[in-house]
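# Analysis of the macromolecular model
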Amino acid sequence: MEKTAVVLIAGRPNVGKSTLLNTIVGSRVAIVSPKPQTTRSRIAGVWTKGETQLVFLDTPGYHKAKSKLGDRMVRTVTESAQSADIALLLCDPEKAPGVPEKTLCERFAAAGLPVIAVLNKTDAVPKANLLPTIAAYSRLHDFAEIVPVSARTGDGVDELLALLAARAPEGEHIFADDAMTDQSQRTLAAEYLREQFLRHLDREVPHGIAVVAERFEERPDGVIEVELNVFCEKASHKGIIIGAHGETLKAAGAAARKNLEDLLGAKVYMQIWVKVKEDWRNNDYLLASFGY
Ligand code: GDP
Ligand code: MG
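Below: a short report on this structure. (Residues numbered from 1 in each chain as written. Chains lettered and ligands numbered in written order. Predicted model: local features only at pLDDT ≥ 70, side-chain atom pairs only at ≥ 80, totals over all residues. Heavy atoms only, no water.)

## Remarks on the packing of helix α8 (residues 235-242) against helix α9 (residues 247-264)
- At a closest axis distance of 5 Å, the pairing of α8 and α9 adopts a crossing angle of 65 degrees. Across the interface between the two elements, I240, I241 and I242 of α8 pack against E247, T248 and L249 of α9.
- Residue composition of the contact of α8 with α9, grouped by class: four nonpolar, one polar and one charged. (Axes fitted to C-alpha atoms, helices over the stretch in contact; angles between N-to-C directions. Helix = DSSP H or I, 4+ residues; strand = E, 2+ residues; numbered from the N terminus. Contact = heavy atoms within 4.5 Å. Nonpolar A, V, L, I, M, F, W, Y, C, P; charged D, E, K, R; others polar.)

Following this line, the structure appears as structure tokens:
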């Protein structure tokens, strides 16, 4: 009998939700950066073993929205809760729960969702520091479990998967057994480039960038040709994105191309155009056309 569970991954920005998803799936299906609000939409990552399939939904970090894009990101978390069987609340291993954790627990309780608290980044802290955090979390909510993991090293992740598999209800698998994600290769190409801008650029500039794959084609010789449009909010940002002598764009493009080649196992030829769309983050039409 097949068993399937939809597992929502939630938590404040930067706690390692997307890193955990990638570790579980074993591939880069969600982009990761040291900056908050890297993830903008809901991404499914699939883990299948024998009869059991776990479908993980990575969501944008739960934060106070300051733009229409931010509103959509926060709504994504609440909407994804409707379709989940269980939620993982990812948290900082050394900090007591705050308003985002409290709010998320209330939403999950209202949706009747069991919640596992996952203390992530345990590789970065002494074990003794976990105990007060675990105590504080057990006072916050009646969690199904409280589990320490390191998404980066994979420590504790197998234990977490075993707990989830044991709770998976009977039901047909949602994805093919060899599927990794619901993200198309085209979307991943655009996301890989956006990831590099988050890593190469500072302050507001990367948060005002959207990347759209205009063309994604396999040539007869097997080379993948990708054409990407980069949209930024201001003419002054365009110069920063390109950089002196085009160096920033060149470095970001080269790293994104390398990651895409690793994912696809093929050579990639990438063309990138930078364009200005004033205040697109507050424009419903542009948000929809960029896929948000
Ligand atoms: P998200 O915003 O919750 O999706 O967080 P990300 O997955 O984008 O990660 C945010 C930052 O935390 C990145 O710099 C990650 O490399 C880092 N990070 C994630 N998981 C771990 C972990 O287990 N240990 C350590 N030391 N860093 C981590
Ligand atoms: Mg993320």
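## Overview of the coordination of the magnesium ion (ligand 2)
- Around the magnesium ion (ligand 2), the donor atoms from the protein are S18 (OG) and T39 (OG1), and they sit 2.0 to 2.2 Å away. Linking S18 in helix α1 (residues 17-25) with T39 in the loop between α1 and β2 (43-49), this pair joins segments that are 21 residues apart in sequence. (Donors = N, O, S within 2.8 Å, 3.2 Å for Na, K, Ca; no water.)

## Digging into the side chain of Q53
- Its place among the elements puts Q53 in strand β3 (residues 52-58).
- Q53 gets classed as buried once you look at its relative accessible area, which sits at 0%.
- Within the structure, Q53 has its side chain in polar contact with the side chain of T48 (distance 2.9 Å). (Buried < 20%, exposed > 50% of the residue type's maximum accessible area, 1.4 Å probe, protein only. Polar contact = N/O pair within 3.5 Å; in protein donor to acceptor, adjacent residues only side chain to side chain.)

## Regarding the site of ligand 1
- Lining the immediate environment of ligand 1, one finds 16 residues, of which N14, K17, T19, D123 and R152 sit closest.
- Between ligand 1 and D123, the relevant distance is 2.7 Å, taken from a nitrogen atom to a side-chain nitrogen or oxygen of the residue.
- Within the side chain of S150, an N or O atom sits 3.3 Å from an oxygen atom of ligand 1.
- Among the residues forming the shell around ligand 1, the class breakdown is five nonpolar, seven polar and four charged. (Near = heavy atom within 4 Å.)

## Considering the packing of aromatic side chains
- The tally for this structure, following the rule as stated, stands at four aromatic pairs.
- Taking the centre distance of 6.1 Å and the plane angle of 50 degrees together, the rings of Y137 and F143 count as tilted. Taken as a pair, Y137 and F143 share a single burial class, namely buried.
- Ring geometry for W280 and F290: centres 5.4 Å apart, planes at 70 degrees, overall edge-to-face. With W280 in the loop between β9 (268-276) and α10 (284-289) and F290 in the segment after α10, this pair connects stretches of sequence that are ten residues apart. (Phe/Tyr/Trp six-rings, centres within 6.5 Å; stacked < 30°, edge-to-face > 60°.)

## Regarding the state of the cysteines
- Scanning the entire structure with this criterion turns up zero disulfides.
- Counting only cysteine sulfurs, C105 is the nearest neighbor of C91, a cysteine outside any disulfide, at a range of 8.3 Å.
- Classification of C91 by relative accessible area gives buried; the value is 1%. (Disulfide = S-S within 2.5 Å.)

## A look at the sheet that holds β3
- Read across the open sheet, the six strands follow the order β2-β3-β1-β4-β5-β6; overall the sheet is mixed. Two strands close off the open sheet at either side, each with one partner strand: β2 and β6 (145-148). With strand direction ignored, the average angle separating the axes of adjacent strands in the sheet is 25 degrees.
- Here seven bridges tie strand β1 (residues 3-10) to β3, and the two strands are oriented parallel to one another. Along β3, the bridge assignment pairs T4 with Q53. (Pairing = 2+ DSSP bridges.)

## Considerations on the sheet that holds strand β7 (residues 210-218)
- The sheet built from three strands is open, its strands ordered β7-β8-β9 with mixed pairing. At either margin of the open sheet sits one strand with a lone partner, and together these are β7 and β9. Taken over all neighbouring pairs, the strand axes of this sheet differ in orientation by 15 degrees on average, direction set aside.
- Pairing of β7 with strand β8 (residues 224-232), which is carried by eight bridges, proceeds in the antiparallel orientation. Across the sheet, residue E217 finds its bridge partner in β8, namely E225.
- Most of the contacts of helix α6 (residues 185-200) go to β7, to which it runs at about 135 degrees, and overall it touches β7, β8 and β9.
- Seen against the sheet, α9 touches β7, β8 and β9 and runs at an angle of roughly 135 degrees to β9.

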